[in-house]
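# Summary of the model geometry
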Amino acid sequence: MSARAGGTRAVVVDDSRFMRTLITKLLEEGGVDVVADAADGEVAVDVVAEHAPDVVTMDIEMPRKNGIEAVEDIMSTCPTPVLMLSAHAEENADVTFEALDRGAVDFVTKPGGEVTSEMPRVKRELVDKVRSAAAVDLEARGRTVSPTRPAQASARGGAAGAAVASGPLPEGGTVIVGASTGGPNVVEDVLAALPRQADLRILVVQHMPEGFTGRFAKRLDGRCDYEVREARDGERVGPGQVRVAPGGSHLFVDDDRADRLRLRLRGGDRLHGVKPAIDHTMSSAAEVVRGPLTTVLLTGMGRDGVDGMGAVRRAGGKTIAQDEATSAIFGMPKRAIEAGHADEVLPAHGIAEGILNTLRN
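The subject of this paragraph is the packing of helix 2 (residues 41-51) against helix 3 (residues 67-77). The interhelical angle for the contact between helix 2 and helix 3, taken along N-to-C directions, is 20°, at an axis separation of 9 Å. Here helix 2 is positioned roughly parallel relative to helix 3, judged by the angle of their axes. Judged by the sense of rotation from one axis to the other, the crossing of helix 2 with helix 3 is right-handed. Seen from helix 2, the contacting residues are G41, V45 and V48; seen from helix 3, they are A70, D73, I74 and T77.

As structure tokens, this is what we get:
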């Protein structure tokens with residue numbers, strides 16, 4: 001389901017009247033038409049069925065039926081892109097990721113009630129996220145991840161990557177994966193399909209707010225063969241390790257020595273409206289990485305990663321873009337393809353094998 005030509009129509013769900021009023025005000029000031037609201041998940045399912053909005057903003061903790069249960073019901077009865085509104089706290093990260101597993105397309109941190117100088121930024125982020133979520137192709141997303149996908153057990157020891165190891169494994173190499181809306185589950189599946197024996201050094205840049213990337217890294221660590229951590233400034237990353245760019249910081253590669261990458265975290269302005277930005281990580285890697293380098297650009301709106309992929313390709317690295325049929329939002333990959341920066345265009349389920357193919361000697 002995509003936003004209609006007449007504009008984005010939204011339903012706001014939250015058990016707090018104040019929060020429903022605030023979110024509605026911010027969205028309508030940003031040009032989004034809020035057609036209805038609901039105070040709990042049970043009412044939300046009926047309201048969504050009645051109004052057929054382009055997108056739903058969904059609170060998590062609510063009486064009678066919580067946000068996760070409501071997402072499941074909406075996806076089974078009247079599939080509609082759902083954007084979760086999560087409190088900016090670590091304890092909410094796990095349930096937020098569970099909502100993504102159940103069918104939600106993205107999440108955003110809930111705006112605070114106080115009026116501050118940050119409110120224009122908060123409104124812009126909320127409106128952008130709502131419009132991005134409304135543009136998600138649920139059919140394409142369904143080809144990538146089942147809304148009821150079970151949690152995968154840790155595959156330490158090589159089981160996860162066995163399915164794609166159809167040829168000789170590469171002897172090391174560096175991989176950078178960039179993703180935005182619709183990306184977390186795809187990133188997870190790609191990493192889970194890469195065998196540890198390939199000795200890859202992997203960097204992940206997923207557009208995600210501060211406070212959630214650490215939990216995302218922990219989640220990935222339990223579902224793939226590699227050691228996954230949130231990146232730290234100044235650390236070196238070697239074979240068999242994955243580092244996730246922290247929300248709120250740009251991730252750069254500034255040295256490659258003794259088979260280990262040195263990482264730098266920097267603040268500064270957002271690029272393409274995001275921080276971390278995929279372009280910064282890919283472009284810096286293109287300048288310093290020794291040996292085989294492959295970059296992958298997954299689903300997401302906008303153009304982050306396009307210039308970075310171009311830099312990698314000019315430096316002799318290989319580039320892969322996710323195809324339209326499996327992209328929740330065919331924005332970033334499409335622009336990379338149109339710019340001539342993608343060596344290969346692959347469906348989500350073929351990306352891990354594609355990475356290995358580019359790195360094989």
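Alright, that's what it looks like, and here's the rest.
Spatial strand order, 9-12-11: three strands in an open sheet with antiparallel pairing. Either end of the sheet is taken by a strand with one partner, and the two such strands are strand 9 (236-237) and strand 11 (250-257). Looking at chain direction, strand 11 and strand 12 (residues 260-266) are connected through seven bridges and run antiparallel. In the sheet register, V253 faces strand 12, and the bridge partner there is L263.

For the rest of this paragraph, the subject is the environment of G167. Relative to the elements of secondary structure, G167 occurs in the loop between helix 6 (138-142) and strand 6 (174-179). In the structure, G167 is positioned 186 residues away from E353 in sequence and 9.4 Å away in space, judged by C-alpha atoms.

Across the protein, the average pLDDT comes to 90, with 89% of residues at or above 70. Counting interchain partners and residues more than four positions distant, the pLDDT-below-50 stretch residues 1-5 has 17 contacts. Here residues 146-162 scores under 50 on pLDDT; set against residues more than four positions off or in separate chains, the count is 43 contacts.

Here R20 shows up in helix 1 (residues 17-29). According to the relative accessible area criterion, R20 is buried, its value standing at 11%. For R20, the side chain forms a polar contact with the main-chain oxygen of D14, separated by 2.8 Å. Those residues in contact with R20 that lie beyond four places of it in its chain are V12, D14, D15, D37, A38 and A39.

Procedures and definitions
- Residues numbered from 1 in each chain as written.
- Predicted model: local features only at pLDDT ≥ 70, side-chain atom pairs only at ≥ 80, totals over all residues.
- Heavy atoms only, no water.
- Axes fitted to C-alpha atoms, helices over the stretch in contact; angles between N-to-C directions.
- Helix = DSSP H or I, 4+ residues; strand = E, 2+ residues; numbered from the N terminus.
- Parallel < 35°, antiparallel > 145°, perpendicular 65-115°, else oblique.
- Left-handed = near helix turned anticlockwise from the far one by under 90°.
- Contact = heavy atoms within 4.5 Å.
- Pairing = 2+ DSSP bridges.
- pLDDT = per-residue confidence, 0-100.
- Buried < 20%, exposed > 50% of the residue type's maximum accessible area, 1.4 Å probe, protein only.
- Polar contact = N/O pair within 3.5 Å; in protein donor to acceptor, adjacent residues only side chain to side chain.

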